[in-house]
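Listed below are the residues making up each chain.
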2 protein chains.
Amino acid sequence: MNRLKKVSLEKKVVTQNDRIASSNRKAFAKMGSFVINMVSSPGSGKTSLIEQTVTHLQDEVEILVITGDLMTDNDARRIQRLGVDAFQITTGDACHLDARMVSKVIKERSNERYDLVIIENVGNLVCPASFDLGEHAKVLLVSVTEGDDKPLKYPPMVNASKVLVVSKIDLIPFVESDPEMIIDSAHRINPDLVTFKLSSKTGEGIDQWIGWLRSEMEKKK
Amino acid sequence: MNRLKKVSLEKKVVTQNDRIASSNRKAFAKMGSFVINMVSSPGSGKTSLIEQTVTHLQDEVEILVITGDLMTDNDARRIQRLGVDAFQITTGDACHLDARMVSKVIKERSNERYDLVIIENVGNLVCPASFDLGEHAKVLLVSVTEGDDKPLKYPPMVNASKVLVVSKIDLIPFVESDPEMIIDSAHRINPDLVTFKLSSKTGEGIDQWIGWLRSEMEKKK
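Participant: Please clarify how the overall build of chain A should be interpreted in this entry.
Facilitator: When you go through chain A residue by residue, the secondary structure sums to eight helices and seven strands. Expected size for 221 residues packed as a compact globule is a radius of gyration near 17 Å; at 17 Å, chain A falls within 12% of this value. For chain A, the proportion of its 221 residues judged to be buried stands at 58%. Look at the contacts in chain A between residues 6 or more apart in sequence, and 73% of them connect residues 24 or more apart. Here chain A displays about 9400 Å² of accessible surface, and carbon together with sulfur accounts for 49% of that area. Averaged over its 30 positive side-chain charges, chain A has a centre that lies 9 Å from the centre of its 31 negative ones.

Participant: I would appreciate a short explanation of the relation of the copies chain B and chain A in the present structure.
Facilitator: Superposition of the two copies of the chain requires a rotation about an axis and a shift along the axis. For the pair chain B and chain A, the superposition axis carries a translation of 0.0 Å, the fit reaches an RMSD of 0.0 Å, and the rotation angle comes to 180°. Here the two chains are linked by the operation of a two-fold rotation axis. A symmetric contact is evident, with 100% of the interface residues of chain B recurring at the interface of chain A.

Participant: Honestly, the packing of helix α2 (residues 46–57) of chain A against helix α8 (residues 206–220) of chain A in this entry has me stumped. Any pointers?
Facilitator: Two quantities define a packed helix pair, namely the angle between the axes and the distance from one axis to the other. All names here are of chain A. Where α2 contacts α8, the two axes come as close as 11 Å, and the packing angle between them is 65°. As summarised for this structure, α2 and α8 are arranged roughly perpendicular, according to the angle between their axes. Seen along the crossing, α2 lies across α8 with a hand that is right-handed. Only I206, D207, W209, I210, L213, R214 and M217 of α8 make contact with α2, whose side of the interface consists of L49, Q52, T53, H56 and L57. A class-by-class count of the residues in the contact of α2 with α8 yields seven nonpolar, three polar and two charged.

Participant: What should I look at first to understand the environment of A:M181 in this one?
Facilitator: All names here are of chain A. Looking at the secondary structure, you find M181 in helix α7 (residues 179–189). Taking the relative accessible area as the measure of exposure, M181 reaches 47% and is therefore partly exposed. Distance in space between the C-alpha atoms of M181 and T72 is 35 Å, their sequence separation being 109 residues.

Participant: Which parts of the structure should I look at to understand empty space enclosed by the protein?
Facilitator: For the structure on display, the rule yields two cavities of 30 Å³ or more. By volume, the largest cavity is sized at about 50 Å³. Every residue lining the largest cavity is counted, 14 residues in all, and those nearest its centre are A:P42, A:G43, A:E146, B:P42 and B:E146. Considering only residue class, the lining of the largest cavity consists of two nonpolar, nine polar and three charged.

Participant: Help me understand α7(A), please; the structure alone is not making it clear to me.
Facilitator: Working note: α-helix, 3.6 residues per turn, so residues spaced by three or four point in the same direction. Residue and element names in this part refer to chain A. Residues P179, I182, I183, S185 and A186 constitute the buried set of α7. Projected onto a plane normal to the axis of α7, the buried residues spread over an arc of 165° and lie on a single side. Tucked inside the fold, the buried residues of α7 contact β5 (137–143), α5 (150–153), α6 (155–160), β6 (163–167) and β7 (194–197). Near the N-terminus of α7, the side chain that reaches the backbone nitrogen of E180, with its oxygen 3.0 Å away, is that of D178.

Participant: Which parts of the structure should I look at to understand the interface of chain B and chain A?
Facilitator: Put simply, an interface is often sized by how much accessible area is lost when its parts join up. Counting residues at the interface gives 38 residues for chain B, matched by 38 residues for chain A. Summed over both sides, the interface between chain B and chain A buries roughly 3200 Å², with carbon and sulfur atoms accounting for 58% of that surface. Inspection of the region where chain B meets chain A yields four salt bridges. For the salt bridge of A:D75 with B:K153, the shortest nitrogen-to-oxygen distance reads 2.7 Å. It is helix α1 (residues 3–31) of chain B that contributes the most residues to the side of chain B that touches chain A, four residues altogether.

What counts as what
- Residues numbered from 1 in each chain as written.
- Chains lettered and ligands numbered in written order.
- Predicted model: local features only at pLDDT ≥ 70, side-chain atom pairs only at ≥ 80, totals over all residues.
- Heavy atoms only, no water.
- Helix = DSSP H or I, 4+ residues; strand = E, 2+ residues; numbered from the N terminus.
- Rg over C-alpha atoms; globule rule 2.2 N^0.38 Å.
- Buried < 20%, exposed > 50% of the residue type's maximum accessible area, 1.4 Å probe, protein only.
- Contact = heavy atoms within 4.5 Å.
- Areas by Shrake-Rupley, 256 points an atom, 1.4 Å probe, with all protein chains shown as cover.
- Lys, Arg positive; Asp, Glu negative; His and termini not counted.
- Charge placed at Lys NZ, Arg CZ, Asp CG, Glu CD.
- Least-squares fit on C-alpha atoms with pLDDT ≥ 70 in both.
- Axes fitted to C-alpha atoms, helices over the stretch in contact; angles between N-to-C directions.
- Parallel < 35°, antiparallel > 145°, perpendicular 65-115°, else oblique.
- Left-handed = near helix turned anticlockwise from the far one by under 90°.
- Nonpolar A, V, L, I, M, F, W, Y, C, P; charged D, E, K, R; others polar.
- 1 Å grid on protein atoms, 1.4 Å probe; cavity = no way out; pocket = protein on both sides within 12 Å on 5 of 7 lines; lining within 4 Å.
- Points joined across faces, edges and corners; volume = space filled by probe spheres on them.
- Arc of directions from axis to C-beta.
- Polar contact = N/O pair within 3.5 Å; in protein donor to acceptor, adjacent residues only side chain to side chain.
- Buried area = accessible area lost by both parts, 1.4 Å probe.
- Salt bridge = Lys/Arg side-chain N within 4 Å of Asp/Glu carboxyl O.

Here it is as structure tokens:
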């Protein structure tokens, strides 16, 4: 297959996805939801941050969590234990969630009202960048253990995101990391990124993150 | 595009890749090389382990390093500083190296003899699993900071690999990780995996890894 054919095929897949994403977005609007799509390398702490977020917000708002993995429903089970609605999508060998997968969950819950929908994508710093799920913001996590040059090495994901969370800042003393370098290099690619530094383990920085979610949910009311 | 068309197209791309990979393998045999393809999440410590490996072996054997990233030549420059041949492949938006990209480097170096060729794939725990580059072994790194359930969540990569390296074991005291759980869960998917636990920072476990590389290189002589 030559390059041209490959590109036009990718374009077709993405266009089809965008159509479904747009209908997801309308469905989320009906539900009154603010929707984030959390993307990162495997093991950057997406599920831990979701646990913290649910714990902080579940008494004041309705939350739906959709988790994506190739295999296992570990993440959904972790979230369900907290007492909120959580659905697992297993993708088999697919390297990202797509809008159609998410639309199936929406159909099941279309009569509910959620203030906040958190989608946890497959751990992958490349493929999820091209796939709109109908979210309002992609939230990119980069942990301090991954090396400060990750944003420069993976620019498409930085460009596709509205928010950058530098995670696991409790580990800074034990790794060579400067969170400001991570943020600076990301801002060179995408100057509009809203940024947070936090640790889901110690709770440091979580309040700012929760504050941002509250203000975004307020806008959707 | 329906699922059937997508699957048959993926199959075609992989078949084409396999043909080039097979010719890469012949070229590597001519060069007298043992070839590893290092795969992992972004930031699991592939480049650091390559630096350690080069430092330990460069006085006794000839080494070629090929590094893959979407963008930047940071990794190749890190390796070149040690005084061995290192080539950077930038993939743009592609989520993995393919055999054709590697074949171009081989063509440039076809008159050289290398005992060890180390290919560092794009940081991605999904896509590189399907693409043979002509290597003798895929070496999968999982760092202790990523969560012990990663092998169960990404079984295709575990199945495609011959070796599992649990990396960054110096960080065990600061994260909740049991390397034996990582290894056990990987062995449940692929019982033949050769495994190592090491830290490129402290040097713990590096000797066993170097010993394995020496014995594999010996077999190619």
